[in-house]
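Breakdown of the fold
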Amino acid sequence: MRIDVKANFMIPGVDRGSVEVEENATLGDVLTDLGNRAKFPFIGPDRKIDPGVEVLLNGLEYAFHSKRLETHLEENDKVEVIILPMAGG
Amino acid sequence: MDEHEILEVIGKPYPKKDARIKVTGECRFGEDIQVSGMLHGKLLRSPHAHARILSIETGKAEKLKGVRAIITGKDFPGILYGNFINTRDYLPLAIDRVRYIGEEVAAVAAVDEDTAWEALDLIDVQYEPLPGVFDPEEAMREGAPLLYDNKPRNISSQSVWEFGDLEKGLKESYLIKEDHFQTQSIKHGMLETHICIGYWDANDKITLESSKQSPYAVWRQLAMGLSIPPHKVRVKQTFVGAGNSGGKQEAMPMDFAAVMLSKKTGRPVKIVHTMEEVLIIGHMRHAFEIDLKIGVDREGLIQAVDFYAIADGGAHSSIGQLSIFLLGNPMMVTYKIPNVRYRGYRIYTNKSFCGALRGHCGPQAVFAFEGLLNEIADELGLDHFEIRKRNAVTPGFVSLNDMKITSCSFKEAMDKARDVSGWDKKKGKLPKYRGIGMGASGMVTGSNIMGLSNCSALLKVQEDGTVALQSGATDVGQGCDTVLPMIVAEILGIEPDDVSFALVDSDLTPMDPGTWSSRVTFYAGNAVKAAALDARGQLAQVAADILKANEKELIFKKKMVYPKGRPDQGIELDRLVRHCQNRKGMTILGRGYYNAPADTLDFSTGKGNFAPTYSFWAQVCEVDVDPETGQVDILNIWSAHDGGRELNPMLVRGQILGSSVMHLGQTLFEGIIRDDKGKTLNASFLDYKMPTFMDIPKCQEIYSMDVPDPEGPFGAKEAGEGAGNPSIAAIANAIADAVGYRFKSLPITPEKIAMAVRKKEQREAL
């Protein structure tokens, strides 16, 4: 199935804003895949999202979904990954 | 005019609150802080631009009398920290590799500075030198030495975007001009060097006192690099002896070293950089190689722009992903460009790293763009103001990358600058070797780059009718310690001197992004305004009951609260506060926060209206050039700005004057000079030429369009950093007018000018 992906930075291999994932894929699976493509992990060894990114699933921050990273995705769900700078300039 | 609308405080030239203690030397900077039992730290720096660290032997140094501790990179968890998740490449101290001359490899704490310096000489570091790369174009080539194995072609970050149809735009252009421009790496000469005092207490609570302009960024980065939760870190801001970024934004190796040395010794440790250290480490201003192509129609209307740039980023990323985007952005908020391609690449080299300095890449971009635009105007026979007015953004304009222009008196500012400078009487009519030039630019007011971009404020109205204000905003000399209290004073009907302004303490003051991107007056100002209104609302509710009046009709003025039109039937503010406290148990605490109506910046597409509003600047410069020596004498700089309403004209003027001086230094003589091995050759103010009083323009005139911005607090928007955007362009264009030759490489030194004059005269003599 295809999942819509939006990010505020370049993720190689994200074809026209979407990726193909396996049926029953979880949010964590997709983020791991996107992290591999981007060559930096969004999920730490403690299975927590790195504080340097914000993740939204269908417009709602992932932490507000009860199953969090284990949330199963459905066709055309929208995953947003936003990198957050620690400071500006 | 309604009594509510009569401004008693806003718009008045109140002197900066800390001016008196600063000029009398009473101000307690970090350097002045002495703590019982305090040790002094120093940092050992790499003599190699690129090398593997084979071993570090500290035994001899540890035996030196007075040395209390020595640390290396292995004393830290080895976690990379940084600004963006995808560009984290800092370590507290280098562990296995150094990437520029000056990179920190070890630190010493001793009973005094001399002992610490001596101990550094006794640390034996064995290096295996690696090939270095010092030119960004060479660094991009296949086969060039890589600074980071996971960064092919040494690309630290890039910003590539295209809107419209570039080819079509160029094809349809009547005239196309292209050229190459170079800008140099500089360092802002803040007179206070970096300083910190670290404490690691027995409860594992870490306190860092430091002259930071974005204390919360330091707070997060310290926690990240030490691998501890942020609540274990407390950052206390000291007075900042000038910021302008340049390293006071982020956690630095010295900060990590101070707290780790404190952990090892159980004593506070102070580290102060020398000016030599400041001039060899980051953060420098990016040097750029810019290839610019502009196509226009017969009327001078821009049809297409192709902007290609390579930035020399040095050894680390800092905020480079934003920097390389921002180089391309000024043109999008200055002119209506229907077709555009921007390709910016920030490249790692074995040099001290670059970051955000005042204007954050804007002045360099504007120097190139305005220079080429003048060439186009000359070829079309158009006046320099005229071509800009034809292309200038206007209210309601939305750029191709979604920047939404709201309040905008850009053309009016240009008209003003033209008028007051006497442009029409001078352009083309000045004596030989006297010239006049102009520059124009738009500028963001506070970028919203996600994460914590908003501001908050807390205030307490005290029983004597004064206010203790806390925000997370830091004053780095720009004046928020005065302007934010002015906002409170205006709303509560008191004097700015009745409002105290707290230095940031991460355990106490509200979260805040820090001082950057010309945001403080706008974001923190709106938050402070909301907090003051909150407090006034609480007071009005009680006063309405006492005065038998409608609370919405109450006036707060001259330390009195009274029903509209009946000042004789009011109550003193201090009495009202005491009544609230003593009779009702109410401490009057106001709280406010503000987040701007702005979008996220999408780095992958270059799109997003990432600022709530934009300011606009037009500057004219008149110069005299000595043809023999090439010396430039700046006679006047006229600045006309649409920076919204000036909340404090005196402070705005100070910002603009300072900005002009800062940028004339970059235009005429400043620059980091390195040898071909990456060693800085001018690491002192004897050799690194900064502007002095002798270089300041004879005259500077400043004009505000004074049009309030609907979103800004009392109509304010950016009015300081943007002043520097057109400065280099205006001075360079004036020099070009004076000598009949356009310099495309900075700095425009007397040598370059004298040579150009001589060559021109020789050509003319043939």
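Residues numbered from 1 in each chain as written. Chains lettered and ligands numbered in written order. Predicted model: local features only at pLDDT ≥ 70, side-chain atom pairs only at ≥ 80, totals over all residues.

As a further point, take the overall build of chain A. Counting its secondary structure elements, chain A contains 1 helix and 5 strands. Computed over its C-alpha atoms, the radius of gyration of chain A comes to 12 Å, within 12% of the 12 Å expected for a compact globule of 89 residues. Projected onto its principal axes, the C-alpha coordinates of chain A cover approximately 40 × 30 × 25 Å. Within chain A, the proportion of its 89 residues that are buried is 33%. Taking as baseline every contact in chain A between residues at least 6 positions apart, the subset at least 24 positions apart corresponds to 53%. (Helix = DSSP H or I, 4+ residues; strand = E, 2+ residues; numbered from the N terminus. Rg over C-alpha atoms; globule rule 2.2 N^0.38 Å. Buried ≥ 20, exposed ≤ 12 C-beta atoms within 10 Å, placed from the backbone. Contact = placed C-beta atoms within 7 Å.)

If you look at the interface, chain A gives 18 residues, while chain B gives 31 residues. Across the side of chain A that touches chain B, the residue classes tally to 12 nonpolar, 4 polar and 2 charged. (Nonpolar A, V, L, I, M, F, W, Y, C, P; charged D, E, K, R; others polar.)

This brings us to helix α9 (residues 320-328) of chain B. All names here are of chain B. With 9 of 9 residues buried, α9 is to be regarded as a mostly interior element. Within α9, burial applies to Gly-320, Gln-321, Leu-322, Ser-323, Ile-324, Phe-325, Leu-326, Leu-327 and Gly-328. At its buried positions, α9 is contacted by β7 (155-163), β13 (287-296), β14 (302-314), β15 (340-348) and α10 (362-380).

Residues and elements named next belong to chain B. According to the domain assignment, chain B consists of domain 1 (3-26 + 454-594), domain 2 (33-130 + 192-241 + 248-280) and domain 3 (287-448 + 601-765). If you average the C-alpha positions of domain 1 and of domain 3, the two centres end up 37 Å apart. Put simply, the parts of the chain that give the side of domain 1 that touches domain 3 at least two residues each are α14 (480-492) and α15 (520-547). With 6 residues, the top contributor of residues to the side of domain 1 that touches domain 3 is α15. For the side of domain 1 that touches domain 3, a count of residues per class yields 10 nonpolar, 9 polar and 3 charged. (Domains from an automatic or database assignment.)

Residue and element names in this part refer to chain B. Put simply, α10 and helix α18 (residues 727-739) touch, their axes get as near as 7 Å, and they point 40 degrees apart. Taken together, the axes of α10 and α18 are oblique relative to one another. In the packing of α10 onto α18, the handedness of the crossing is right-handed. Counting all contacts with α10, which are made through Pro-363, Val-366, Phe-367, Glu-370, Gly-371 and Asn-374, the residues of α18 involved are Ser-727, Ile-728, Ala-729, Ala-732 and Asn-733. Split by residue class, the contact of α10 with α18 holds 6 nonpolar, 4 polar and 1 charged. (Axes fitted to C-alpha atoms, helices over the stretch in contact; angles between N-to-C directions. Parallel < 35°, antiparallel > 145°, perpendicular 65-115°, else oblique. Left-handed = near helix turned anticlockwise from the far one by under 90°.)

On to the sheet that holds strand β9 (residues 195-200) of chain B, then. Residues and elements named next belong to chain B. Ordered by their spatial adjacency, 7 strands build an open sheet running β3-β5-β1-β12-β9-β10-β11, and the pairing between neighbours is mixed. Of all the strands in the sheet, just β3 (67-72) and β11 (233-237) have a single pairing partner and so form its edges. Looking at each pair of strands side by side, their axes are set apart by 25 degrees on average, direction ignored. Taken together, the 5 bridges between β9 and strand β10 (residues 206-210) define a ladder with antiparallel strand orientation. Looking across to β10, one finds that Trp-200 is bridged to Ile-206. Across the face of the sheet, helix α3 (residues 113-122) comes into contact with β1 (39-45), β3 and β5 (104-110) while running at roughly 25 degrees to β1. (Pairing = 2+ DSSP bridges.)

Residues and elements named next belong to chain B. The buried fraction of β5 amounts to 7 of the 7 residues, a majority that puts the element mostly inside the structure. Pairing between β1 and β5: 6 bridges, direction antiparallel. Paired with Leu-43 across the strands is Ala-107, a residue of β5. One ladder, built from 5 bridges, connects β3 with β5; its direction is antiparallel. Bridge pairing links Val-67 to Ala-110 in β5.

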